[in-house]
Amino acid sequence: MRILLWFLIVPVLLLACALAMIWMPLPRPLPPAGSHERNLPAAIITGVLGIAAVAGLVVMAVSSFVQAGRVLDPVLLSAGLSSRGYMLFGQQYHGSVRGRQVDVYYVPNRSIWSPLLNIYVRADTGTRAAIGTGKPLLDCRDCPLVAVGEPDVGYLQIYAEDEAWVGRLLAEPANRAALSRLLDRQGAGGFRELYVQPERLWLRWRPQGVSESHVRQGLDDLLSLAEACESQR
């Protein structure tokens, strides 16, 4: 928003500068105000200032986008993951946490598109499920809907290949609590879906503002659920 404001203000300032150079009274032997002799130097100076202003605004915009893409660095780098660029202004993180491979891809806000955060945790689940507050559509689309009897996670829609496996997973209160935090029905942290795939867990998240505490808790809950999913095989 600040950069957009500058893009609106700079042309006004340049116009004001050009008019001032044309109409400001100056002592002799400089050309009189409003004369044709003033137009050329005013145009040259305004053009140079305009080029410098545009260059400065581009640098500011790029710096702002880069900083937005690195907002997760404090959490994920401290967890032991390495970082590199992703999709121009985003970041990707890779490494091992609690003995599991973790891959994170983050793209900051882009115009009308909200930020997108994908977190993958390696887990040998041997099954497939999709969990969300609505029907998840990116995987397990043909899986049957599983009836959820536990009231604390009754708002979730769970589609799974193996209903018995889901029942064993939800039988543990700690697993239900982790799912509830990851897929908060109030959507306080933004839209989220969890996909259990045979070789990993995938949390797809469109955060409403990136909170370090939310990301740290989300990663911890994913790691705990990865252990729980493997134990249900």
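We now turn to the structure provided with this report. (Residues numbered from 1 in each chain as written. Predicted model: local features only at pLDDT ≥ 70, side-chain atom pairs only at ≥ 80, totals over all residues. Heavy atoms only, no water.)

So, on to the overall build of the protein chain. Helix and strand counts for the protein chain come out as six helices and nine strands. When burial is assessed residue by residue, the protein chain has 39% of its 233 residues classed as buried. Excluding contacts between residues fewer than 6 apart, the proportion of contacts in the protein chain whose partners are at least 24 apart in sequence is 51%. As displayed, the protein chain has an accessible area near 12,700 Å², and 62% of this comes from carbon and sulfur atoms. (Helix = DSSP H or I, 4+ residues; strand = E, 2+ residues; numbered from the N terminus. Buried < 20%, exposed > 50% of the residue type's maximum accessible area, 1.4 Å probe, protein only. Contact = heavy atoms within 4.5 Å. Areas by Shrake-Rupley, 256 points an atom, 1.4 Å probe, with all protein chains shown as cover.)

Attention now moves to the packing of aromatic side chains. One pass over the full model with this rule turns up four aromatic pairs. Judged by centre distance (5.6 Å) and plane angle (25°), the ring pair of Y120 and W202 falls under stacked. Here Y120 is found in strand 4 (residues 116-122), whereas its partner W202 is found in strand 9 (residues 200-207), with 82 residues between them in sequence. Residues Y120 and W202 agree in their burial class; the two are buried. Among the aromatic residues, ring-to-ring pairing joins Y86, Y105, Y120, Y195 and W202 into one connected group. (Phe/Tyr/Trp six-rings, centres within 6.5 Å; stacked < 30°, edge-to-face > 60°.)

For the rest of this paragraph, the subject is the pairing of strand 7 (residues 157-160). The side chains of a regular strand alternate between both faces of the sheet. By the bridge criterion, four bridges tie strand 5 (residues 129-132) to strand 7 in an arrangement that is antiparallel. Within strand 7, the position partnered with I131 by the bridge is I158. (Pairing = 2+ DSSP bridges.)

Turning next to the side chain of H94. Tracing the backbone through its elements, the reader meets H94 in strand 2 (residues 90-97). Within the structure, H94 has its side chain in polar contact with the side chain of Q92 (distance 2.7 Å). Among all residues touching H94, those that are not within four sequence positions of it are L81, S82, R84, Q101, V102, D103 and Y105. (Polar contact = N/O pair within 3.5 Å; in protein donor to acceptor, adjacent residues only side chain to side chain.)

Turning our eyes to something else, we now look at the sheet that holds strand 5. One open sheet holds the nine strands; their spatial order is 1-2-3-4-9-8-5-7-6, and the pairing between them is antiparallel. The open sheet has two edge strands, strand 1 (82-86) and strand 6 (145-146), and neither has a second partner. Where strand 3 (residues 100-107) and strand 4 come together, six bridges link them in antiparallel fashion. Across the sheet, V104 pairs through a bridge with I119, a residue of strand 4. Of the strands in this sheet, strand 5, strand 8 (190-197) and strand 9 touch helix 5 (residues 173-182), which is tilted by about 135° from strand 8. Relative to the sheet, helix 6 (residues 212-231) contacts strand 2, strand 3, strand 4, strand 8 and strand 9, its axis offset from that of strand 4 by approximately 35°. (Axes fitted to C-alpha atoms, helices over the stretch in contact; angles between N-to-C directions.)

Together, L15, L19 and W23 give the surface a local cluster of nonpolar side chains, amounting to about 350 Å² of exposed area. As for its placement among the helices and strands, W23 is situated in helix 1 (residues 2-23). You can call W23 exposed: its relative accessible area is 56%. (Patch = residues over 30% accessible without salt bridge, like charges linked within 9 Å, V, L, I, M, F, W, Y side chains within 5 Å. Salt bridge = Lys/Arg side-chain N within 4 Å of Asp/Glu carboxyl O.)

Attention now moves to the pairing of strand 3. Burial analysis of strand 3 places six of its eight residues in the buried class, the great majority of the element. Pairing of strand 2 with strand 3, which is carried by seven bridges, proceeds in the antiparallel orientation. Residue pairing in the sheet places Q92 in a bridge with Y105 of strand 3. The loop that links strand 2 with its antiparallel partner strand 3 comprises two residues; one of these, R98, has a positive phi angle of about 50°.

Packed helices, taken two at a time, are described by the angle between their axes plus the distance between the axes. It is at 9 Å that the axes of helix 5 and helix 6 come closest, and there the two elements cross at 145°. The element helix 5 and its partner helix 6 pack so that their crossing is left-handed. For the pair helix 5 and helix 6, the contacting residues are N175, A178, L179, R181 and L182 in the first and Q217, G218, D221, L222, L225 and A228 in the second. Classifying every residue of the contact of helix 5 with helix 6 gives six nonpolar, three polar and two charged. (Left-handed = near helix turned anticlockwise from the far one by under 90°. Nonpolar A, V, L, I, M, F, W, Y, C, P; charged D, E, K, R; others polar.)

Turning our eyes to something else, we now look at the side chain of Q197. Looking at the element boundaries, Q197 is found in strand 8. Looking at Q197, the relative accessible area reads 8%, which means it is buried. At 3.0 Å, the side chain of Q197 forms a polar contact with the side chain of D139. Here Q197 is in contact with A123, T125, T127, R128, D139 and W202, once residues within four sequence places are set aside.

Here we take up the state of the cysteines. Under the counting rule described, the total for this entry stands at one disulfide. The disulfide bridge from C140 ends at C143, spanning 1.9 Å between sulfur atoms. The disulfide joining C140 to C143 has a torsion of about -95° about its S-S bond and is therefore left-handed. (Disulfide = S-S within 2.5 Å.)

No statement about biological role is implied by the geometric values presented.
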